Amino acid sequence: MNTPANLRYAKTDEWVKVDGNIATVGISDYAQDQLSDIVFIEFNREIDDVITKGDALATIESVKAAADVNAPISGKVLEVNEGLSDIPETLNDDPYEKAWLYKIEMSKPDEVNELMDAAAYDQYCEGRH
Amino acid sequence: MTEPTIYELSSAGRKGFTFAEPDVPAFPLPDEFIRKDLPLPELSELDVVRHFTHLSQKNYSIDSGFYPLGSCTMKYNPRINEVVARLNGFAQVHPLQPIETVQGSLVVMYMLQEALKEISGFPAISLQPAAGAHGELVGVLIMRAYHLSHGDAKRKKILLPDSAHGTNPASSSMAGFEAVHLPSDARGNVDLAKLKELCDDTIAGLMLTNPNTLGLFDEHVLEVIDIVHKAGGLVYGDGANLNALLGITRPGDLGFDILHINLHKTFSTPHGGGGPGSGPLAVAEHLADFLPDPLVDIIDPGDEETPPLYGFIHPKKSIGRIKSFHGHFGIIVRALTYILMQGAEGLRDVSEMAVLNANYLMALLKGSYHLPYDRDCMHEFVLEGVWPEAPDIHALDVAKRLMDYGLHPPTNYFPLIVNEALMIEPTESESKQTLDYFADAMRKIAKEAHEQPELLHEAPHATPVGRLDEVKAAKDLVLCCWRPEE
């Protein structure tokens, strides 16, 4: 499993990359592996929407299951990677780079501290089997 | 061998039927309504009969083999159900006939209502819902109507255990509620601490599948119901797994407020492509006035000379009609036939054998497959289709390989709380020999997974077509035969 050290992770398997006050959000390698082949993504939020930690941001469907993507932090949506809708398999192929979902201007940057670092997330995933 | 499509069998100009010369004057349609091109296949009658016979021979059904599809209760559909449903008095009636002319059909509906009330422990029931999830939606709409009738508009959430049936969150959302996830504890019961934390005056209710999709009876069911009731919520029972409980316990007695019953699972009517479902909805006394309109009842008791007259009554605060006419009447006839053929003791035997068969299979298989919730099960159980020593093998590979042994695969990848789930429900219909054959095949597959994994990866080998491309099937939807001209 690939868990980049420069990201933070939520218990619901989203990653966050922090750059100043901007957070990029996606789903982890563990999440895409558990879902298996992803065939559909629907974004629930648009640019300028205000979101609260825990909100359902998107729905992802694989051949096995459907799952919500939950907001790991609060803030305002700056960008949506809408092109993924046409090539949802990118979430399997490149979950940390090409398959980012949202860029969010954080309203509570301290929430990042509540997220796990890579080592803690690896341990958390290990314990789920 | 694959069967060509009917279009591939077509030969230009070939005909299966010739119309006689009309003996009335021709009345042609206006030209603009006549299409120039109608790309239908052209075959002889015999070619058509053979084509569809070949296709039907490739079907897999409960009539052709073991079908342990967890949560679906694929039990035998007794032939007498079909005989009774085809009696002219049932098959040839119309729901708009005057009630005096369809008294027999109304008696059948009344008798089924009474039987299901006795079996489930509820005082009122509607036979209208067309299937299980339809029953759920109606039940959740009744929950909403109940709270609103008390002027309580702030209850907007429904709690859904992660071991519930997958349709429960969908039904809640469709009725306008927020679906709130409720985790299970390590024994597969509802997590009581979390339940207490979530229960407040914003909760409309809880939807509980019991036994749940792990095949486990919640050990704290009375406490769960009590906690929800104390918070002012209602408890919905998903009766899809009622096959484990007949004559043993009644959800109404346990304190559930609402329950849907799947006639096409528990009461042996055909499903899985073989016929429509039927999901009668039973409710407790305080919800009876909200049931769909109308219900069947005795509207004139009659006297020594005149028999009682059956007809329709209209619940006072009904949420309205939810199905055209009176539900799937042919299924109602079959279910009543099954209940009367079994009798009360027979129904209890059904559940006891269903539970015994599941525990027998579980005991045979738990040495070869990981059983994450290792407890006595009810009518089904869930294994993991994955081994640490065979990292490339998944539940899907096990399921596909079972087809090579002439067996229908179990439900896979559900419930989501089990990694690589294989959910197995044998039902009461199967003999010990059939169960032993299945267990033997499953153990061989477990061995193959370690020694010849390619056999699983490439399975199925013995079916008309091999491994299908599930990603392509889910992504490239072809919704019509051809693209209409713009």
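Note that this is a predicted model, so its numbers are computed, not measured.

(A) Seen up close, the overall build of chain B. Of the regular secondary structure elements, chain B holds 15 helices and 12 strands. Rg of the C-alpha trace for chain B: 26 Å, near the compact-globule value of 23 Å for 486 residues, within the 12% margin. Judged by the C-alpha coordinates and their principal axes, chain B covers about 75 × 75 × 50 Å. Here the contacts in chain B between residues at least 6 apart in sequence split such that 72% fall between residues at least 24 apart. Split by element, the accessible area of chain B, about 23,900 Å² in all, is 57% carbon and sulfur. Considering chain B, the positive charge centre built from 39 side chains and the negative charge centre built from 65 side chains are found 2 Å apart.

(B) Seen up close, the overall build of chain A. Scanning chain A for helices and strands turns up 3 helices and 9 strands. For chain A, the sequential pattern of α-helices and β-strands runs β-β-β-α-β-β-β-β-β-α-β-α. Counting only C-alpha atoms and orienting by the principal axes, one finds that chain A spans roughly 35 × 35 × 20 Å. The proportion of buried residues among the 129 residues of chain A is 47%. Within chain A, residue pairs in contact and separated by at least 24 positions form 62% of the contacts whose partners lie at least 6 positions apart. A total of about 6,300 Å² of accessible surface is found on chain A, and carbon and sulfur atoms cover 43% of it.

(C) Layout of helix α5 (residues 132–149) of chain B. An ideal rise of 1.5 Å per residue puts 26 Å on 18 residues; α5 of chain B measures up with 26 Å between its terminal C-alpha atoms. Directly beyond the C-terminal end of α5 of chain B, a positive phi value near 70° is found at G151 of chain B.

(D) How the structure looks around the nonpolar core. Residue and element names in this part refer to chain B. Grouped together as the largest cluster of nonpolar side chains are 60 residues, with contacts concentrated most on L112, L116, L159, L195, L263 and F267. For this core, the elements supplying multiple residues, two or more each, are α2 (79–85), α4 (103–120), β3 (178–182), α7 (192–198), β4 (203–209), α8 (221–230), β6 (258–261) and α11 (329–365). Broken down by element, the residue count for this core peaks at 11 residues, all from α11. Contact partners of L159, with chain neighbours within four places excluded, come to V180, L182, L195, L198, C199, I203, G205, L206 and M207. Counting 30 residues, the second largest nonpolar core, distinct from the first, contains F66, A395, Y413 and I445.

(E) Quick peek at the sheet that holds strand β9 (residues 102–106) of chain A. Residue and element names in this part refer to chain A. Strands sit in the order β1-β2-β3-β9-β8-β5 across an open sheet of 6 strands; the sheet is antiparallel. Each end of this open sheet is capped by a strand with a single partner; those strands are β1 (8–9) and β5 (50–51). Examined bridge by bridge, strand β2 (residues 14–19) and strand β3 (residues 22–27) share 6 bridges and lie antiparallel to one another. Bridging across to β3, V18 finds its partner in A23.

(F) Seen up close, the pattern of salt bridges. Residue and element names in this part refer to chain B. Taken as a whole, this structure holds 29 salt bridges over all chains when the rule is applied. Here E82 and R86 are joined by a salt bridge, their closest N and O atoms 2.7 Å apart. R86 gets classed as exposed once you look at its relative accessible area, which sits at 54%. In this structure, the salt-bridge partner of D152 is K154, at a minimum N-O distance of 3.3 Å.

(G) Fine view of the interface of chain A and chain B. Contact residues are listed per partner, giving 9 residues for chain A and 8 residues for chain B. For the pairing of chain A and chain B, the buried interface totals around 730 Å² over both sides, and the portion due to carbon and sulfur atoms is 62%. Our count for the chain A to chain B interface comes out at 2 salt bridges. For E89 of chain A, the salt bridge goes to K475 of chain B, with nearest N and O atoms at 2.6 Å. Scanning the region where chain A abuts chain B turns up 1 residue pair in polar contact (both at pLDDT 80 or more). Of the residues that constitute the side of chain A that touches chain B, the class distribution is 4 nonpolar, 2 polar and 3 charged.

(H) Structural context of a nonpolar patch on the surface. All names here are of chain B. On the surface, Y7, L38 and L40 cluster together to form a nonpolar patch covering roughly 310 Å² of accessible area. Residue placement: Y7 occurs in the segment before α1 (45–57). Note on Y7: relative accessible area 41%, which makes it partly exposed.

(I) Molecular detail of the domain arrangement of chain B. Residues and elements named next belong to chain B. According to the domain assignment, chain B consists of domain 1 (1–27 + 36–58), domain 2 (79–340) and domain 3 (361–459). Taken together, the two surfaces of domain 2 and domain 3 that pack against each other cover about 1,500 Å², and 60% of this comes from carbon and sulfur. Looking only at domain 2, the three residues that lose the most surface to domain 3 are T213, L214 and L216, adding up to 35% of its buried area. Put simply, domain 2 and domain 3 have 1 salt bridge between them. Applying the counting criterion to the domain 2 and domain 3 interface returns 6 residue pairs in polar contact (both at pLDDT 80 or more). Counted by class, the side of domain 2 that touches domain 3 contains 9 nonpolar, 11 polar and 4 charged residues.

(J) Representation of the packing of aromatic side chains. Scanning all chains against the criterion turns up 12 aromatic pairs over all chains. Between Y146 of chain B and F290 of chain B the ring centres are 6.3 Å apart and the planes differ by 75°, which places this aromatic pair in the edge-to-face class. Taken together, the residues span a long stretch of sequence, with Y146 of chain B in helix α5 and F290 of chain B in the loop between β7 (281–283) and β8 (295–300) at a distance of 144 residues. For the pair Y146 of chain B and F290 of chain B, one class covers both residues: buried. An aromatic cluster of at least three residues, connected via ring pairs, comprises Y9, Y121 and Y124 of chain A. Over the ring of W100 of chain A we find K103 of chain A; its NZ or CZ atom is 4.3 Å from the centre of that ring.

(K) Empty space enclosed by the protein, seen in detail. All names here are of chain B. Scanning all chains against the criterion turns up 3 cavities of 30 Å³ or more. Volume-wise, the largest cavity comes out at about 70 Å³. If you go around the largest cavity, you meet 13 residues; those closest to its centre are N210, D238, L245, P251 and L259. For the lining of the largest cavity, the leading source of residues is strand β5 (residues 234–239), giving 3 residues.

(L) Representation of the sheet that holds strand β11 (residues 411–412) of chain B in the model. All names here are of chain B. One open sheet accounts for 3 strands, arranged β10-β12-β11; its pairing is antiparallel. In the strand order of this sheet, the two ends are held by β10 (381–384) and β11, each with one partner. Here β10 runs beside strand β12 (residues 421–424); their pairing, made up of 4 bridges, is antiparallel. Its bridge partner being in β12, V382 is matched across the sheet by M423. The sheet strands contacting α11 are β10 and β12, and the helix crosses β10 at an angle near 20°.

Cut-offs used in this document
- Residues numbered from 1 in each chain as written.
- Chains lettered and ligands numbered in written order.
- Predicted model: local features only at pLDDT ≥ 70, side-chain atom pairs only at ≥ 80, totals over all residues.
- Heavy atoms only, no water.
- Helix = DSSP H or I, 4+ residues; strand = E, 2+ residues; numbered from the N terminus.
- Rg over C-alpha atoms; globule rule 2.2 N^0.38 Å.
- Contact = heavy atoms within 4.5 Å.
- Areas by Shrake-Rupley, 256 points an atom, 1.4 Å probe, with all protein chains shown as cover.
- Lys, Arg positive; Asp, Glu negative; His and termini not counted.
- Charge placed at Lys NZ, Arg CZ, Asp CG, Glu CD.
- Buried < 20%, exposed > 50% of the residue type's maximum accessible area, 1.4 Å probe, protein only.
- Expected span 1.5 Å × (residues − 1).
- Core = buried A, V, L, I, M, F, W, Y, C linked by side-chain atoms within 4.5 Å.
- Pairing = 2+ DSSP bridges.
- Salt bridge = Lys/Arg side-chain N within 4 Å of Asp/Glu carboxyl O.
- Buried area = accessible area lost by both parts, 1.4 Å probe.
- Polar contact = N/O pair within 3.5 Å; in protein donor to acceptor, adjacent residues only side chain to side chain.
- Nonpolar A, V, L, I, M, F, W, Y, C, P; charged D, E, K, R; others polar.
- Patch = residues over 30% accessible without salt bridge, like charges linked within 9 Å, V, L, I, M, F, W, Y side chains within 5 Å.
- Domains from an automatic or database assignment.
- Phe/Tyr/Trp six-rings, centres within 6.5 Å; stacked < 30°, edge-to-face > 60°.
- Lys NZ or Arg CZ within 6 Å of the ring centre and 35° of its normal.
- 1 Å grid on protein atoms, 1.4 Å probe; cavity = no way out; pocket = protein on both sides within 12 Å on 5 of 7 lines; lining within 4 Å.
- Points joined across faces, edges and corners; volume = space filled by probe spheres on them.
- Axes fitted to C-alpha atoms, helices over the stretch in contact; angles between N-to-C directions.

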